[in-house]
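This is what each chain is made of:
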Protein chains: 2
Amino acid sequence: MSKRVSLKDIANKVGVSTALVSYVLNGLEKEKRVGPEVVKRIREVAGDLNYKPNQIARSLRKGSTNTIGLIVADIANPFFGQLARIVEDEAGKHNYTVIIGSSDENCVKSASLIETFLDRQVDGFIIVPSEGCNQEIESLVNKEIPVVLVDRFLPELSTSYIVLDNFGATYEAVTHLVAKGYKNIALIAYKSSLVHMQERIRGYSEAMKDNHLEQAIQIKELSYNRVKEEIEEGVSKLFDGNNKPDAMIFSTNALSISGLYALKNHKIRVPDDMAIIGFDGNEAFDFFYSPLTFIEQPIEEMGKESVRVLLDQIKGSKENVQIELNHRLILRESTGG
Amino acid sequence: MSKRVSLKDIANKVGVSTALVSYVLNGLEKEKRVGPEVVKRIREVAGDLNYKPNQIARSLRKGSTNTIGLIVADIANPFFGQLARIVEDEAGKHNYTVIIGSSDENCVKSASLIETFLDRQVDGFIIVPSEGCNQEIESLVNKEIPVVLVDRFLPELSTSYIVLDNFGATYEAVTHLVAKGYKNIALIAYKSSLVHMQERIRGYSEAMKDNHLEQAIQIKELSYNRVKEEIEEGVSKLFDGNNKPDAMIFSTNALSISGLYALKNHKIRVPDDMAIIGFDGNEAFDFFYSPLTFIEQPIEEMGKESVRVLLDQIKGSKENVQIELNHRLILRESTGG
DNA sequence: AATATATGCTTAATCGTTTAACCATTTTGG
DNA sequence: CCAAAATGGTTAAACGATTAAGCATATATT
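Conventions and cut-offs
- Residues numbered from 1 in each chain as written.
- Chains lettered and ligands numbered in written order.
- Predicted model: local features only at pLDDT ≥ 70, side-chain atom pairs only at ≥ 80, totals over all residues.
- Heavy atoms only, no water.
- Least-squares fit on C-alpha atoms with pLDDT ≥ 70 in both.
- Contact = heavy atoms within 4.5 Å.
- Near = heavy atom within 4 Å.
- Polar contact = N/O pair within 3.5 Å; in protein donor to acceptor, adjacent residues only side chain to side chain.
- Helix = DSSP H or I, 4+ residues; strand = E, 2+ residues; numbered from the N terminus.
- Nonpolar A, V, L, I, M, F, W, Y, C, P; charged D, E, K, R; others polar.
- Pairing = 2+ DSSP bridges.
- Axes fitted to C-alpha atoms, helices over the stretch in contact; angles between N-to-C directions.
- Expected span 1.5 Å × (residues − 1).
- Buried < 20%, exposed > 50% of the residue type's maximum accessible area, 1.4 Å probe, protein only.
- Core = buried A, V, L, I, M, F, W, Y, C linked by side-chain atoms within 4.5 Å.

S.K.: Would you mind showing me how to read the relation of the copies chain B and chain A here?
M.R.: One chain copy maps onto the other through a rotation about an axis and a shift parallel to that axis. For these two chains of identical sequence, chain B goes onto chain A by a turn of 180° and a shift of 0.1 Å along the axis, with RMSD 0.2 Å. Classification of the inter-copy transformation places it as that of a two-fold axis. No C-alpha of chain B lies nearer the rotation axis than that of Ala 284 of chain B, which sits 2.0 Å from it. Interface residue correspondence from chain B to chain A reaches 100%, placing this contact among same-surface, isologous pairings.

Dropping the structure here:
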């Protein structure tokens with residue numbers, strides 16, 4: 001492994017101190033009054049030797065690594081994959097590198113990722129927080145390490161965050177279904193105290209009330225780890241119950257997909273037996289025999305904003321920026337178009 | 001930002017040199033003959049102060065970062081997302097962190113990612129190489145930096161790699177279709193000189209020949225950047241041509257999805273008008289009205305093996321390990337079950 | 001008793017950059 | 001002509017950990 005070229009190599013070749021070389025290569029030649037001849041020589045030699053600064057050394061000295069840690073629930077999940085991609089590109093534009101970790105909605109894993117990233121001296125975090133993991137995030141806030149929460153937030157903590165207008169999203173979903181004549185509308189949600197989920201539930205409930213359908217409210221809350229089992233049960237029960245729903249709203253992408261499998265297994269006809277609204281885009285929504293109406297999230301904006309806000313904070317901004325982005329309801333056949 | 005605890009802080013508190021502290025915390029107390037009392041004190045104080053080594057400093061000194069760079073075509077693509085997830089988990093088990101970049105099948109981006117990662121002194125690379133980017137990879141090989149190629153490889157370069165039995169995959173796909181009575185089988189591929197694609201094409205062609213169907217060979221090669229436009233055209237042409245196919249094999253996941261959209265638009269009935277075989281699993285395959293028979297890749301094994309081989313190389317192994325993993329053909333309705 | 005060996009710890013260099021502080025000339029202004 | 005200012009550079013410490021080499025002192029060996 002032929003050793004990399006260092007500042008010293010250039011300094012030796014040109015016959016000056018490493019300080020001068022550093023100044024020149026950092027564009028401080030004016031400020032530091034380096035002679036024009038020397039500047040030229042240094043540039044030349046640096047080019048010839050194909051010098052590339054060692055970021056590790058630089059990081060150690062400067063105390064910042066130009067790295068941001070991104071923690072999502074699962075990078076294999078396309079929603080987070082897309083988000084990660086945006087974050088990667090956006091961070092790259094500002095010369096930051098991203099290290100990514102998957103928490104599996106698990107506090108122990110989250111904590112371990114945060115620790116690993118801290119050991120590597122990341123300059124800041126973008127985190128999709130999991131339920132009950134307030135402590136982990138709080139410790140970052142206490143250490144005054146820049147953090148931006150994304151997709152969800154923790155109301156007990158004062159941090160920056162970028163989230164969807166979750167309340168509005170399910171509210172509009174219900175409104176749309178009501179307008180299409182559906183009345184027995186059920187909501188499939190996760191059993192979670194996280195605000196984004198509670199807001200989706202609240203948006204649904206409020207909309208039902210505002211449409212005088214409070215007696216028809218039916219919410220199935222499933223456990224994150226047992227979705228597959230519980231959704232089968234849930235769908236069956238919904239159909240055996242005395243007020244069988246004529247429409248269902250799924251409150252996440254994964255739930256939508258699991259729900260579609262269940263509907264398919266039970267041979268339920270959409271939208272005749274039941275109208276369906278999904279969450280997030282997904283190719284599967286398009287190929288379901290009755291393409292799904294769904295709540296679209298502005299993933300790109302979400303990713304870009306979170307990077308922007310984080311970098312602001314890394315640059316010293318102390319204010320917490322809390323942004324709610326708007327959803328879009330995409331109308332298709334599964335709700336009668 | 002309350003400063004992190006350093007070795008020096010512990011040393012001061014205990015009243016010894018940083019060297020001793022370092023020895024103890026690295027478990028060298030026997031070898032370096034540190035007194036049992038002192039060992040105890042150091043451990044205590046380190047625990048009390050909640051000391052965590054600064055990996056940046058350690059990396060600078062040791063010349064290795066315990067970081068691996070993963071370059072995929074696009075992390076937002078679920079195939080690569082899943083792969084990344086496996087790599088992340090597997091690397092984590094061995095105390096390595098992963099930084100991920102998306103090349104978009106573009107050599108300039110690939111080169112820039114490689115450079116960025118090198119500047120950050122990654123210990124090795126796992127790369128999904130793009131077409132024509134031999135130089136970029138070769139420079140790594142020349143510098144003797146550990147590299148493992150995955151999903152594809154470059155035959156001109158002697159590197160380790162983990163790939164699918166691409167030839168066998170499409171060969172079996174054809175064989176299956178022939179067994180089901182299909183004869184006019186077309187292949188939808190990328191216009192690419194990369195071996196994995198050429199092997200898929202070769203597997204198809206050989207199987208066609210071996211079944212005495214060489215006159216029915218029809219290969220549509222699409223450009224990576226213009227798939228959407230060309231696939232519409234391609235599907236139309238295939239149907240207007242004089243030997244209209246009765247079956248199609250898609251040679252990547254993305255092509256399969258695009259193909260499904262086209263088939264849907266053209267209202268082609270599967271498998272009556274046309275049988276279909278997709279590549280890679282995908283939820284969309286399940287919800288297509290005629291669930292797709294597809295070639296399944298062992299993503300997990302691919303990810304695990306690439307990490308294993310890379311770490312071996314980082315540890316000093318000089319031999320190139322070249323592994324071909326087996327596909328599985330999952331039979332479903334789109335080919336008549 | 002004199003030397004050899006163990007024991008327990010410190011010193012200081014090193015990794016590659018950055019950057020404050022300083023030094024030596026030369027030029028300028030009044 | 002002399003002090004002040006400008007010019008062009010060097011030195012060395014610092015970031016935090018690792019690690020080879022060295023230095024006392026105590027114990028063992030013959």
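Still more ground to cover, so stick around.
S.K.: Would you take a moment to explain the protein's contact with DNA strand C for this structure?
M.R.: Around DNA strand C, the structure places 26 residues, and the nearest of them are Leu 7, Arg 58 and Arg 61 of chain A together with Arg 33 and Arg 61 of chain B. Sugar and phosphate atoms constitute 54% of the interface atoms of DNA strand C, taking the interface as everything within 4 Å of the protein. Asn 54 of chain A is positioned such that a nitrogen or oxygen atom in its backbone is 3.2 Å from a phosphate oxygen of DNA strand C. Arg 33 of chain B places a side-chain nitrogen or oxygen 2.8 Å from a base nitrogen of DNA strand C. Where the surface near DNA strand C is concerned, the elements lending two or more residues are α2 (18–25) and α4 (55–62) of chain A together with α2 (18–25) and α4 (55–62) of chain B. With four residues, the top contributor of residues to the surface near DNA strand C is α4 of chain A.

S.K.: Explain the protein's contact with DNA strand D here, please?
M.R.: Looking at DNA strand D, there are 24 residues lining it, with Arg 33 and Gly 35 of chain A together with Leu 7, Arg 58 and Arg 61 of chain B nearest. When atoms of DNA strand D within 4 Å of the protein are split into backbone and base, the sugar-phosphate part holds 52%. The backbone of Leu 7 of chain B places a nitrogen or oxygen atom 2.4 Å from a phosphate oxygen of DNA strand D. Within the backbone of Asn 54 of chain B, one N or O atom sits 3.2 Å away from a phosphate oxygen of DNA strand D. Among the secondary structure elements, those contributing two or more residues to the surface near DNA strand D are α2 and α4 of chain A together with α2 and α4 of chain B. Of the residues assigned to the surface near DNA strand D, the class counts are 12 nonpolar, seven polar and five charged.

S.K.: Honestly, the sheet that holds strand β9 (residues 275–279) of chain A in this entry has me stumped. Any pointers?
M.R.: Sheet strands associate in pairs through backbone hydrogen bonding, adopting either a parallel or an antiparallel arrangement. All names here are of chain A. Reading across from one edge, β7-β6-β8-β9-β10-β12 is the order of the six strands in this open sheet, with mixed pairing throughout. A strand with exactly one partner marks an edge of an open sheet, and here the two such strands are β7 (218–222) and β12 (328–330). The sheet shows a mean angle of 20° between the axes of neighbouring strands, taken without regard to direction. Where strand β6 (residues 185–190) lies against β7, five bridges are found, and the strand directions are parallel. When the bridges of β7 are listed, Leu 187 appears paired with Ile 219.

S.K.: Just checking my understanding: could you explain helix α5 (residues 78–93) of chain A for this structure?
M.R.: Each α-helix winds once per 3.6 residues, and so residues spaced three or four apart point in a common direction. Residues and elements named next belong to chain A. Its 16 residues give α5 an end-to-end C-alpha distance of 23 Å, which sits within 8% of 22 Å, the value for a rise of 1.5 Å per residue. Turning to α5, its buried residues number three or more, namely Phe 79, Phe 80, Gly 81, Leu 83, Ala 84, Arg 85, Ile 86, Val 87, Glu 88, Glu 90 and Ala 91. Capping the start of α5 is the job of one residue whose side-chain oxygen sits 2.9 Å from the backbone nitrogen of Phe 79: Asn 77. Positive phi shows up at Asn 95, right after α5, with a value of about 70°.

S.K.: Just to check I follow, could you spell out the nonpolar core for this structure?
M.R.: A general tendency of soluble globular proteins is for nonpolar side chains to be buried together. Counting residues in hydrophobic clusters, the biggest one holds 152 residues, and the most contacted among them are Met 248 of chain A together with Met 248 of chain B. Not counting the four nearest positions on each side in its chain, Met 248 of chain A is found in contact with Ala 186, Ile 188, Val 235, Leu 238, Leu 263, Met 274, Ala 275, Ile 276 and Ile 277 of chain A. If you look at the next biggest cluster of nonpolar residues, it comprises 42 residues, including Leu 118 and Val 147 of chain A together with Phe 117 and Leu 154 of chain B.

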